[in-house]
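Structure assessment
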Amino acid sequence: MQKKEMLYEGKAKKVFATEEPEIYIVSYKDDATAFNGQKKGTIVGKGVVNNRMSNFMFRLLEQQGIPTHYIEELNDRETAVKKVSIVPLEVIVRNTAAGSLSKRLGLPEGTPMKTPVLEYSYKNDELGDPMVNDYHILAMDLATREELDKIAAMSFKINELMVEFFRSVGVDLIDFKIEFGKTTAGEIILADEISPDTCRFWDVNTHEKLDKDRFRRDMGGVEEAYDEMMKRIGLR
């Protein structure tokens, strides 16, 4: 499968067309950003970690009935995926208070939530990805009621499966961000990535952060944390 013209370049990935109109190639970069692009840097080897871990998680979720855009891992940094139009929403599921939720609601980091919290952000860099609710989404025609119901149901199922899996390797899934795409046939499927860039991972016993918060907060040991997550899931 050959890369043709680049269709899109984001903060962490490039997307290329291929000779197959329904297949794209995603290439993962080492570039790192935080706070809506205000902080920039490089995490050496991040592209490899995020590519391989995302593919591992997509295969795991596919086995449990979650449809994804994953087709085939081509090499350490590149993956063939189904062509989708991304629903312009960041879908966030929170199991434990951390980050912006802690600041917004005055909850100390590490406070367990009695039920998982589902949030949506409108994908718009210029506006800083503002939080929106169902009513905004329907009013702006970002998704239909049926699509939104499917996204919510799939997100809670994904959370359930991932909490159980990561707990089995000694990691608490604090929260995560996912994105969904629509195939040319109109099916809503999981897209984007599942990685230390998009999830908060804490060691079950020590609560050590094993994710991008180490970059956001200048904690050091960023590459080591990403590498540790690869070891935990058996990819190192």
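Residues take numbers from 1 onward in each chain, read along the sequence in its written order. Owing to the predicted nature of the model, reporting of local features is limited to residues with pLDDT of at least 70; listing and counting of side-chain atom pairs is limited to 80 or more, with chain, interface and lining totals taken over all residues. Excluding hydrogens and water, the side-chain figures rest on all heavy atoms present in the structure.

So, the environment of R200
Secondary structure elements are defined from DSSP: runs of H or I of at least 4 residues count as helices, runs of E of at least 2 residues count as strands, and each element is numbered from the N terminus. By secondary structure assignment, the location of R200 is in strand 14 (residues 199-203). Buried, partly exposed and exposed residues are distinguished by accessible area as a fraction of the type maximum, computed with a 1.4 Å probe on protein chains only: under 20%, between the cut-offs, and over 50%, respectively. Take R200: its relative accessible area is 11%, and that puts it in the buried class. When the C-alpha atoms of R200 and K150 are compared, they prove to be 24 Å apart, with 50 residues separating the residues in sequence. Contacts are residue-level and defined by heavy atoms, with any inter-residue pair within 4.5 Å sufficient. In contact with R200, other than residues within four places in its own chain, are R94, A98, G99, D172, L173, I174, D175, D211, D213, R216 and R217. Polar contacts, as used here, are pairs of N or O atoms within 3.5 Å; protein pairs need one atom able to donate a hydrogen and one able to accept it. Residues neighboring in sequence count only if both atoms are side-chain atoms. Within the local environment of R200, its side chain forms a polar contact with the side chain of D213, the two groups lying 2.7 Å apart.

Things to note about helix 1 (residues 46-63)
In a helix, the anticipated span is given by 1.5 Å times the number of residues less one. A rise of 1.5 Å per residue sets the reference length of helix 1, with its 18 residues, at 26 Å; its end C-alpha atoms lie 26 Å apart and thus fit the reference within 8%. Among the 18 residues that make up helix 1, 13 are buried, leaving the element largely enclosed by the rest of the structure. Two residues or fewer after helix 1 comes G65, characterised by a positive phi angle close to 90 degrees.

Describing the sheet that holds strand 2 (residues 13-17)
As summarised here, the arrangement of the 5 strands in space is 1-2-3-7-6, forming an open sheet in which the pairing is antiparallel. A single partner strand is all that each edge strand has here, and the edge strands are strand 1 (6-9) and strand 6 (70-73). In this sheet, neighbouring strand axes are inclined to one another by 25 degrees on average, regardless of whether the strands run parallel or antiparallel. Paired strands, as defined in this entry, are two strands with at least two bridges between them according to DSSP. Axes here mean lines fitted to C-alpha atoms, for a helix over just the part in contact, with angles spanning 0 to 180 degrees between N-to-C directions.

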